Amino acid sequence: MVAPDDPMWITVGTLIDGETILKGPAHVVFNSRQILYTGSADRLPPRRVLKEGQTACDLILENYTMLPGLTDAHTHILKGGAELDQSKRNAIIKKDFRTLVTEALARAERLIPFGVMAMRDAGDKEGVGVALNELYHAGTTKKVPYIDSPAAAIYRRGQYGRFMGLPLDEHDSYDDCVKARADSGAYRIKLIVSDIVDFNTGKVMKKPQLSAQEVAACVKAARSKGMQIFAHASGQEGIENAILGGVDTIEHGFSMSEEQLLKMRDFDIAWVPTFVPVQFYYEALRKNKAGWKQLDILKKVLDQHAQMLIKAHELGVTIIAGSDAGSRGVPHGQGLLNELVLMEKAGMNPLDVLKSATGTGSERLSFRDKIGCLKKGYKPRFILTRHLVPNGVEKLQLDKYCFFDGALFESNENDTLAGL
Ligand SMILES: [Zn+2]
């Protein structure tokens, strides 16, 4: 019998710690609360992290790669993305709060076997993300991924964002608006700076909702409370306002320009490109052999996005993976795995893609828990796979083991996505 807090010592063939890759055997020692040690198998772990008198590892997994649990930096846990019927999707938010929380919790509980162990929710006006954040920290009966939430996103009345936000216009000042979010349990602030890309033209058709000065005022108010601020922005004008306003991350960022990438690098603004919702729409059109003109437009949008992602990566812009799970056609869990494949297809190498969903996010997004890396002091949340993920991230979709604070989950690659 091993007590839950006894250290476990595993030797794996390859270790990706969230930042670097250690090929050749590596030792990992952990208990159910934290990683105690990681290092090359050239030398033994220090005795103080091992069980008394232990001289050999508990388990040798020489054909396995270990990597941190993945973070999805852009989700909407309130909604399941697998549901395609728009009337059913609209009906979701008419349910009472308790039902919404119960359903979202059940959804979150299914994500760990996919390898998704943390998420930054992107906002809901019902307060479901905040409720899940509270349940996570209180410790629910079942394990759920880390989640934090901005509560209701902030948008301009009459503009895009009503389904996930509450208007800025309800408040007398930017400070009041940010304070209202903080009071309702937001961990960070989400701004909706622009509309979305119009799938018929490939462009954002409306002027941005918020000027650069307004974004800057919200950023100042958020920072005064020690909160990060992330911005939904597509189209060059909207992106520009988000950049000049000084947000922490830009979400989506369709129609990004190279000059804007340079500014993002210099101002340390990260990018969460969220390919999957647009890719889903594109694939659906293609399958139905419908809308040739629209198909052509969407292909150009996606190709330009892929080109800019590679440019951003070359220039040194921080890239963080996020799926926009909960959007139509983007199931939670699977959505992130699909996003990673699209980032690799765009031309990022697999290790950099994996970093964007592990160490880079944990470094940049200021999570409340130590997650996303496999280093001393981090939470023991990781994936073990016998498939060579350093050669291609699509291998994350195959069978794997997922460990989360001492609990073991087997991947459910054949499981239904219904409800996710
Ligand atoms: Zn979103």
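Structure report, in brief. In every chain, residue numbers begin from 1 and rise along the written sequence. Under the rules for a predicted model, residues below a pLDDT of 70 receive no local features and side-chain atom pairs below 80 are neither given nor counted, while totals for whole chains, interfaces and linings still include all residues. Calculated side-chain values reflect all of the structure's heavy atoms, with hydrogen atoms and water omitted.

Describing the overall build of the chain
Secondary structure elements are taken from DSSP: a helix is a run of H or I of four residues or more, a strand is a run of E of two residues or more, and numbering for both begins at the N terminus. Broken down by element type, the chain carries 12 helices and 16 strands. Note that the radius of gyration is over C-alpha atoms, with the globule rule given as 2.2 Å times the number of residues to the power 0.38. A compact globule built from 420 residues should have a C-alpha radius of gyration of about 22 Å, and the chain, at 21 Å, falls within 12% of that. The C-alpha extent of the chain, read off along each of the three principal axes, is 65 × 45 × 45 Å. The rule is simple: take the accessible area with a 1.4 Å probe, protein chains only, and divide by the maximum for that residue type; under 20% is buried, over 50% is exposed, in between is partly exposed. Residue burial in the chain is summarised as follows: out of 420 residues, 57% are buried. By definition, residues are in contact when any of their heavy atoms lie within 4.5 Å. Across the chain, every contact between residues at least 6 apart in sequence was considered, and the portion connecting residues at least 24 apart equals 68%. For the chain, the exposed area adds up to about 17,800 Å²; of that, 51% sits on carbon and sulfur atoms. In the chain, which carries 53 positive and 52 negative side-chain charges, the distance between the mean positions of the two groups comes to 1 Å. Areas reported as accessible are Shrake-Rupley estimates using a 1.4 Å probe. Residue values count occlusion only from the protein chains shown. The sign given to each residue is positive for Lys and Arg and negative for Asp and Glu; His and the chain ends receive no count. Note on charges: their place is set at NZ of Lys, CZ of Arg, CG of Asp or CD of Glu.

Digging into the packing of aromatic side chains
For this analysis, a ring pair means two rings from Phe, Tyr or Trp (six-membered ring only for Trp) whose centres lie within 6.5 Å, classed as stacked if their planes differ by under 30 degrees, edge-to-face if by over 60, and tilted for the remaining angles. Inspection of the entire model under this criterion finds 8 aromatic pairs. Ring plane angle 75° and centroid distance 5.1 Å describe the contact between phenylalanine 30 and phenylalanine 382, whose orientation is recorded as edge-to-face. A residue pair is termed long-range when its members are at least 10 positions apart, and phenylalanine 30 in strand β2 (residues 21–30) and phenylalanine 382 in strand β14 (residues 381–385) qualify at 352 residues. Neither phenylalanine 30 nor phenylalanine 382 differs from the other in exposure class; each is buried. Ring centres of phenylalanine 199 and tyrosine 281 lie 4.5 Å apart, and the angle between their planes is 45°; on these two criteria the pair is classed as tilted. Of the two residues, phenylalanine 199 sits in the loop between β10 (189–192) and α5 (212–224) while tyrosine 281 sits in helix α8 (residues 276–287), which places them 82 residues apart along the sequence. A relative accessible area of 28% places tyrosine 281 in the partly exposed class. Within the aromatic cluster, the residues linked to one another by ring pairs are Phe30, Phe382 and Phe403. We call a charge positioned over a ring when the NZ of a Lys or the CZ of an Arg lies within 6 Å of the ring centre and within 35 degrees of the ring normal. Here lysine 370 stacks its cationic end above the ring of tyrosine 378, 4.7 Å away from the centre of that ring.

Comments concerning the side chain of threonine 65
Position of threonine 65 among the secondary structure elements: in strand β4 (residues 59–68). Given the relative accessible area of 2%, threonine 65 is considered buried.

As for the coordination of the zinc ion
Only His74 (NE2), His76 (NE2) and Asp324 (OD) from the protein coordinate the zinc ion, and they sit 2.1 to 2.3 Å from it. For Na, K and Ca the donor cut-off is 3.2 Å, while for other metals it is 2.8 Å, and in both cases only N, O and S atoms qualify; water is not among them, so sites may look incomplete. Along the chain, the residues donating to the zinc ion are arranged with the sequence spacing H-x1-H-x247-D. In this pair, histidine 76 sits in the loop between β5 (70–75) and α1 (86–92) while aspartate 324 sits in the loop between α9 (292–315) and α10 (334–346), placing the two residues 248 residues apart along the sequence. Each member of the pair histidine 76 and aspartate 324 is classed as buried.

Concerning unusual backbone geometry
One non-glycine residue, alanine 151, lies in the positive phi region at around 60°. One can find alanine 151 in the loop between β7 (146–148) and β8 (153–155). Here the phi dihedral of threonine 274 falls at roughly 40°; this positive angle occurs in a residue that is not glycine. Exposure remark for threonine 274: the relative accessible area of 1% places this residue in the buried category.

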